[in-house]
Amino acid sequence: MKIIIAGCGRVGYALAQQLNDEGHELTLIDNSAERLQPALSNLDLQGVVGNASSFFTLQEAGIGQADLLIAVTNQDEINLISCLIAKKASRCRTIARVRNPEYFREINYLKECMDISMIINPEFAAATEIAQLIQVPDAMEIDSFAKGKVDLMQVVITEDSPLHNMKVQDFSNKFNHEILICILVHDHQVCIPNGHSVLSAGDTISIILPREKINSFYRLSRLAAIREIHDVMLAGGGMISYYLAKALLRSGIEVKIIEKNRDRCDFLSDALPKATIIHSDATDHELLLEEGLEKTDAFVSLTALDEENIFLSLYANKMNITCKKITKVNRLALDEIINDLPIGSIISPKNITTEYILQYVRSQSNSYGSNVEALYRLMDNQVEALEFLVKDDCAVTDIPFINLNLKKNLLICCIVRNGKVITPTGRDFIRKNDKVIVVTTNKGLQDISDIMDDPLK
């Protein structure tokens, strides 16, 4: 596909890296030649210096021949205008990043009126993921498939868990045949496990299961039910906190937000009358203790600074080791440093935005055969989990899995057929109209047929 990316900030550059790796023809627009330079030096793409909301700039970037415009500048208005001009100047599809809540409330109208293919709000998407994590406090990460019927859940094995020293092949016999281990991280090594893989305390595993089986899994694997979250403390009162607080309050959870900007506190007090808004600096440790950090069920670090969020979560862990901790971190450069730190689940609005857009690009790259309905990049982007909608019969349909020459390091985790969730065995097969969930270390799958190994290799 020929793709134009407007905006070379963190999201734009991350998208350019991924789409470049997947072989798309890219042009990157930014009004700063300095911001463009790293992408031009490191990636195979074209660059245009200029205003992305200018017809002449878009024309110079080749909008007339483009298949897709992705507008992710730091200004919503420029993103929307870029999409509007692109639709008038060509037949290309458009994606806009929109962060202003006033615009986001009108998302359906904007999409219809401006014929925008997709609008993504990073803060709303991040808040949605955090709210889901709070519902299952012991999970490190939860990703949903098949419109919420199936979840891929990441947990850490404890020493008192019956999973400790268990072989993967014994897992389904002792637990539930509908629950499948898809990913294993042992001593920092990521793999798609086989039946002989042995689980150990401290390992991180990702399991896939129907949503209604989550409580059952916790009861059997941890010998306890999921603990409930009754109150949450949020450090920072930005847009993620705003969206998250609205969701939590609707669920009957008490919310306390600590924000140092007075005007922002006034806004939050008016917008969230049922929340407790505290005008203070969240890095004040004495204040955190006074406000009940030692007793809170969950602590979410959402300030504007990654380092501040990390230190806040470390302090929360020191003062209340049992509370659910969630930390916002946007810079990938910090990943290797923080992976072993006790800061709980890590949320990156930039990564979430990139995943949503990549999912859309892959679905449009293959308009026949099967579409990518969902895409998640896991374990520091070493693993991809994808949901395919099989629209037509193809090389992998109606053939038992045991007879398919599947790629190595690939697992067919789940089939959803007519609303029924199927955990496949070697005798099962894919049918037209199935939703198929695949987990693999092979990057860039775009069609369900890509699960097959290339016989020429």
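Cut-offs and rules
- Residues numbered from 1 in each chain as written.
- Predicted model: local features only at pLDDT ≥ 70, side-chain atom pairs only at ≥ 80, totals over all residues.
- Heavy atoms only, no water.
- Pairing = 2+ DSSP bridges.
- Helix = DSSP H or I, 4+ residues; strand = E, 2+ residues; numbered from the N terminus.
- Axes fitted to C-alpha atoms, helices over the stretch in contact; angles between N-to-C directions.
- Contact = heavy atoms within 4.5 Å.
- Parallel < 35°, antiparallel > 145°, perpendicular 65-115°, else oblique.
- Left-handed = near helix turned anticlockwise from the far one by under 90°.
- Phe/Tyr/Trp six-rings, centres within 6.5 Å; stacked < 30°, edge-to-face > 60°.
- Buried < 20%, exposed > 50% of the residue type's maximum accessible area, 1.4 Å probe, protein only.
- Salt bridge = Lys/Arg side-chain N within 4 Å of Asp/Glu carboxyl O.

Quick look at the sheet that holds strand β17 (residues 345-347) now. Taken in spatial order, the 6 strands make up an open sheet running β14-β13-β12-β15-β16-β17, and their pairing is parallel. Looking at strand neighbours, the two that pair on one side only are β14 (276-279) and β17, the edges of this open sheet. Strand after strand, the sheet turns through a mean of 15 degrees between neighbouring axes, direction not considered. Relative to strand β16 (residues 324-328), strand β15 (residues 298-301) runs parallel, the two being bridged by 4 bridges. In the sheet register, Val-300 faces β16, and the bridge partner there is Ile-326. The strands that helix α7 (residues 122-135) touches are β12 (231-235), β15, β16 and β17; relative to β17, the one it contacts most, it runs at about 165 degrees. Strands in contact with helix α11 (residues 262-271) are β13 (254-259) and β14; relative to β14, the strand with the most contacts, it is inclined by about 170 degrees.

This part is about the packing of α7 against helix α10 (residues 239-250). Their axes nearest at 8 Å, the elements α7 and α10 cross at an angle of 45 degrees. When the interaxial angle is binned, α7 and α10 end up oblique. The interaxial crossing formed by α7 with α10 has right-handed handedness. Along its contact with α7, which presents Glu-123, Phe-124, Ala-126, Ala-127, Ile-130, Ala-131 and Ile-134, the element α10 presents Met-239, Ile-240, Tyr-243, Leu-244, Ala-247 and Leu-248.

Right, let's get into the packing of aromatic side chains. Considering all chains together, one arrives at 8 aromatic pairs under this definition. Ring geometry for Phe-145 versus Tyr-376: centroids 5.2 Å apart, planes at 85 degrees, classification edge-to-face. Of the two residues, Phe-145 sits in strand β7 (residues 141-145) while Tyr-376 sits in strand β18 (residues 370-378), which places them 231 residues apart along the sequence. There is no split in this pair, since Phe-145 and Tyr-376 are both buried. Clustering of aromatic rings is evident, with ring pairs tying together Phe-104, Phe-124, Tyr-242, Tyr-243 and Phe-267.

Here we come to the pattern of salt bridges. Inspection of the entire model under this criterion finds 12 salt bridges. When the shortest N-O distance is used, the salt bridge between Arg-362 and Glu-22 registers 2.6 Å. Placement of the pair is Arg-362 in helix α15 (residues 349-365) and Glu-22 in the loop between α1 (10-21) and β2 (25-30), with a sequence separation of 340 residues. By sharing partners, the salt bridges in this structure join Glu-22, Arg-362 and Glu-384 into a single network.

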